[in-house]
Amino acid sequence: MTTVSAPHGAAPAADGWRRLSPWSMVHFTARTIVQSIRAAVFGGGPATYGLARSNLSEYAWAIPTAIVAFVVVRAVLDYLFFSYRLHGDFVEVRQGALSRTHLALAFVRIQNIDIEHPWYFRPLGLVTLRIDSAGSSRDEVYLAALTIDDAEALRAQIVAKRQHLDADERVLDDPRQEPAEAERAFFTRSLSDLVIHGLTNGRAWLAIAGIAGAMSQLNVSVGDVAGIVGIEIERLVQVSSLALLAFVVVLSAVAASLAVACLSVLGSVVVYHGFTACRSEMDLTITRGLLTKHEIHVRKSRIQTVIVRQRWLDYLVGRRSVVLEQISHPAEAGNDWQDVRKKILLPSVRVDETAAITEEVMHARRIDGLAFTPISKRYFRKHVAIRSALCLPTLAVPLFAPNLLALYIPLVVLLWAWLVTLAYWRWKRGGLAIDDGIVVARSGTIGIDYHVFAAFKIQEVCHVQTPLMRRHDVSSVVFRTAASTTRVPYLPTAFAKRAVDYCAYAAESSERSWM
Amino acid sequence: MSFTNPDVDIAALPRFDEARLHALHPRYPRLVLALVGLIEVPAFIVIAVVVSLLGRDRVPAPFAIVLGVLALFVAVAWFRHKAASVIRYAVRQHDVIVRSGVFWKKDAVQPIKRIQHVEEVQGPLDKFFDLSTLKLFSAGTGDVRLQIPGLDVATAAALRSFILSVHESGADAPAPAAPAHAVEPAANAAPPSAVADAAGESAAPLSERSEP
């Protein structure tokens, strides 16, 4: 069945099962370290320290040694018990020393095939092939320490199988059956683009959140940190004037945001360095990454929703991020790291470049110039009412603290004005357009976001109305694709109902597969 | 194979709000009441006993508290009963429509082609009332799924086999007859749909989608 030459001389067994190269132990070691770093640092560290301080100090070396031994033994076992083969319509993997698992991943279910170049394999010229399925994250296969040629061959073989299995669909996708076209780059990003992306999209928050999480594990309070640094907060407050303290606070805030911005830029450059998106007739190939180079292959037909996102800083510099969403997995919702990997993000796209990307991915020729049906002014009025109702009771506070009156009232009024302005923008941005089988939902406050999807890929579509909305002849529509849910509130009822009818018609009459 | 891409007359498309809606089985609101009662009645007894045991010196106005809890429980029971009795469903040749919601009235349209698998569920209480729930699963975010509760067993089975037959035979299976008790005065029956003409024999077999 399989024709790929055996990697590193690990000859396949008679039934086609193959082993990885021994170098894969490095991969398993790295995996174990990543998986158990918390336990090692927060358990092993203090335990060693405690042991070293106690009267058993001569045995303190035992704990780090045990940890290292555990990691090494596990890597060896992982390597020894790992085997894989391409068999029939499946990629099969057997792994695990204690609990044996046998995973069979159907070619038709494979979503992405990525070739990763981890830094620890770079000097050896080896790569890791990651195969991603449309099922859960546990159905993920890592084939570590392959040579580039082997990885490419395996990938080509899987792609060929997949296309063979999807042959019927292929005929439907493109009846003209053009000969396969060579891959061509259609979108690249320079270093300066990535710096802009880092500045406008605060990726550093992920890192900060991670650090904060670690700090909370250590139970370190601000006082402790100050104590370590040698500042006595109480004395500081007594000695220095309030103005000096304010100055220090502002200074540290500025320093902190500078640090965050630097981290953010660094994160953006590390993740998206050398970003290139190539196209062929059926697939997209995205290459990115500084330390670990990722090469992501995805079939265009598997992309469910394209989200064009513009944060407020993006708006100022006229950039956007384009996110290509594939089938999402309920269990992983909310897991940022999983999201980062499953979703494909094109960073720092200029406004005039957006159409080329949406056209390439889902034949949506334009999204900016469409005739959007705006959402009703009632939406704005409702939000003004809600926000006013929230602000009004706080005006009672000065009754209990009259000396704050002069400062407090303008503050509340300012806050109210800001909230109302945001509601106004949100109302202005809201809208829905359906053009040539493509549904585009517009939203946002300062920046403008678009959710773009093909009407025939709808999984479910809902029409929602309260009695109050019914009286004013407005409705909300909820579109659900396999990747995301998009809600457009307060559309004129007649239009909303026709949108529901059209999407149902498109899904039911189309002969194309949504996968 | 020639490729054509004619314009779609959106105004002439079949309308989801004109589909013939069926009510659930009349026993279903009673089932919901029984379910609520199973939780609320013991909870109320426990609260009443605890409050009266604690007495006036430790709980201010025990009678008012018990009365308040009773009012809350009655309101919840009323709301659940109301929500159960407003559910309607419609089955067209290509989709299932479920209407629900007391305040937020929601019409969910689920194309049958997009259904990954169908589950017929009958809990102990369902069994007692001789009803069952049909769950329709499609791919996507969250564990969102459409369910039609309060179907009598025969209707649920007929609906299930209709959905499966649409999957197997393309889209040409006849829609199941509505149960006698459940027909609402039809606003106006949907015209032979343009969708039906356009669909042809396309849907992928269900077996392919439920592979490991």
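Residues numbered from 1 in each chain as written. Chains lettered and ligands numbered in written order. Predicted model: local features only at pLDDT ≥ 70, side-chain atom pairs only at ≥ 80, totals over all residues. Heavy atoms only, no water.

### Looking at the overall build of chain B
Here's step 1: From N to C terminus, chain B includes 6 helices and 7 strands.
Here's step 2: The linear arrangement of helices and strands in chain B, starting from the amino end, is β-α-α-β-β-β-β-α-β-β-α-α-α.
Here's step 3: For chain B, the proportion of contacts with a sequence separation of at least 24, taken over those separated by at least 6, is 60%.
Here's step 4: About 11,600 Å² of surface is accessible on chain B, with carbon and sulfur atoms providing 63% of the total. (Helix = DSSP H or I, 4+ residues; strand = E, 2+ residues; numbered from the N terminus. Contact = heavy atoms within 4.5 Å. Areas by Shrake-Rupley, 256 points an atom, 1.4 Å probe, with all protein chains shown as cover.)

### Here we look at the overall build of chain A
Here's step 1: Along chain A, the regular secondary structure elements total 16 helices and 21 strands.
Here's step 2: Looking at chain A as a whole, 45% of its 515 residues qualify as buried.
Here's step 3: Summing over all exposed atoms, chain A offers an accessible surface of approximately 25,500 Å²; the carbon and sulfur share of this is 65%. (Buried < 20%, exposed > 50% of the residue type's maximum accessible area, 1.4 Å probe, protein only.)

### What about helix α2 (residues 62-85) of chain B?
Residues spaced three or four apart along an α-helix point in a common direction, a consequence of the helix completing one turn every 3.6 residues.
All names here are of chain B.
Here's step 1: Compared with the 34 Å implied by 1.5 Å per residue over 24 residues, the 35 Å span of α2 between its first and last C-alpha is a close match.
Here's step 2: Regarding α2, the residues found buried are P62, V66, V69, F73, A77 and A84.
Here's step 3: Looking at the packing, one finds that the buried side of α2 touches α1 (27-54). (Expected span 1.5 Å × (residues − 1).)

### A look at the sheet that holds strand β5 (residues 115-121) of chain B
All names here are of chain B.
Here's step 1: Read across the sheet, 3 strands follow the order β5-β6-β7 without closing on themselves; strand pairing throughout is antiparallel. In the strand order of this sheet, the two ends are held by β5 and β7 (145-152), each with one partner. Each neighbouring strand pair of the sheet contributes to a mean axis angle of 20°, computed without reference to strand direction. (Pairing = 2+ DSSP bridges. Axes fitted to C-alpha atoms, helices over the stretch in contact; angles between N-to-C directions.)

### Focus: unusual backbone geometry
All names here are of chain A.
Here's step 1: Positive phi values are uncommon outside glycine, yet S348 reaches one of about 50°.
Here's step 2: S348 gets classed as buried once you look at its relative accessible area, which sits at 2%.
Here's step 3: The phi dihedral of D473 falls on the positive side, at around 65°, and the residue is not glycine.
Here's step 4: Structurally, D473 is set in the loop between α15 (467-471) and β20 (474-480).
Here's step 5: Looking at D473, the relative accessible area reads 47%, which means it is partly exposed.

### With respect to the nonpolar core
Here's step 1: V306, L324, L346, V452 and F479 of chain A are the most contacted members of the largest nonpolar core, which has 73 residues in total.
Here's step 2: The element best represented in this core is helix α16 (residues 493-509) of chain A, accounting for 8 residues.
Here's step 3: Apart from the residues within four sequence positions on either side, V452 of chain A is in contact with Q304, T305, V306, M362, A364, I367, I438, V439 and V440 of chain A.
Here's step 4: Counting residues in hydrophobic clusters, the runner-up holds 31 residues, among them L31, V32, I115 and V166 of chain B. (Core = buried A, V, L, I, M, F, W, Y, C linked by side-chain atoms within 4.5 Å.)

### Describing the confidence of the model for chain B
Any region with low pLDDT has predicted coordinates that should not be read closely.
All names here are of chain B.
Here's step 1: Mean pLDDT over chain B stands at 77; residues scoring 70 or higher make up 74%.
Here's step 2: Element-level pLDDT for chain B is lowest in helix α6 (residues 206-209), with a mean of 32, against a maximum mean of 94 in strand β2 (residues 88-91).
Here's step 3: Low pLDDT (under 50) marks residues 182-212, which in the prediction has 59 contacts with non-local residues, meaning those over four places away or in another chain.
Here's step 4: At the level of chain-chain contacts, confidence expressed as ipTM amounts to 0.76, with global pTM at 0.70. (pLDDT = per-residue confidence, 0-100.)

### Description of the environment of R162 of chain A
Residues and elements named next belong to chain A.
Here's step 1: Residue placement: R162 occurs in helix α3 (residues 148-165).
Here's step 2: Judged by relative accessible area, which is 3%, R162 ranks as buried.
Here's step 3: Along the chain, R162 and A106 lie 56 residues apart, while their C-alpha atoms are 9.1 Å from each other.
Here's step 4: Not counting residues up to four positions away in its chain, the partners in contact with R162 are F107, I110, Q111, I113, D283 and R299.

### Some thoughts on the packing of helix α13 (residues 377-391) of chain A against helix α14 (residues 405-429) of chain A
Residues and elements named next belong to chain A.
Here's step 1: α14 packs onto α13 with a crossing angle of 160° between their chain directions and a minimal axis gap of 9 Å. When the axis of α13 is compared with that of α14, the two are roughly antiparallel. For the element pair α13 and α14, the recorded crossing hand is right-handed. Facing K377, Y379, F380, H383, V384, R387, S388 and C391 of α13, the residues of α14 in contact are V412, W416, L419, V420, L422, A423, Y424, R426 and W427.
Here's step 2: By residue class, the composition of the contact of α13 with α14 is 12 nonpolar, 2 polar and 3 charged. (Parallel < 35°, antiparallel > 145°, perpendicular 65-115°, else oblique. Left-handed = near helix turned anticlockwise from the far one by under 90°. Nonpolar A, V, L, I, M, F, W, Y, C, P; charged D, E, K, R; others polar.)

### Concerning the pattern of salt bridges
Residue and element names in this part refer to chain A.
Here's step 1: Scanning the model with the defined rule gives 21 salt bridges over all chains in all.
Here's step 2: Between R320 and D368 there is a salt bridge, and its shortest N-O distance comes to 2.7 Å. Remark: D368 occurs in the loop between α12 (354-362) and β15 (373-374) and R320 occurs in strand β13 (residues 319-325); sequence separation between them is 48 residues.
Here's step 3: Owing to a relative accessible area of 37%, D368 belongs among the partly exposed residues under this scheme.
Here's step 4: Here the salt bridges share partners, and the residues they tie into one network are R189, D193, R319, R350 and E353. (Salt bridge = Lys/Arg side-chain N within 4 Å of Asp/Glu carboxyl O.)

### Looking at the sheet that holds strand β17 (residues 438-443) of chain A
Residue and element names in this part refer to chain A.
Here's step 1: Pairing is antiparallel across the open sheet formed by 7 strands, whose spatial order is β14-β13-β12-β18-β17-β16-β15. Strands at the two margins of the open sheet, each flanked by one partner only, are β14 (344-350) and β15.
Here's step 2: Packing of helix α5 (residues 191-200) onto the sheet brings it into contact with β13 and β14, and relative to β14 it is tilted by some 105°.

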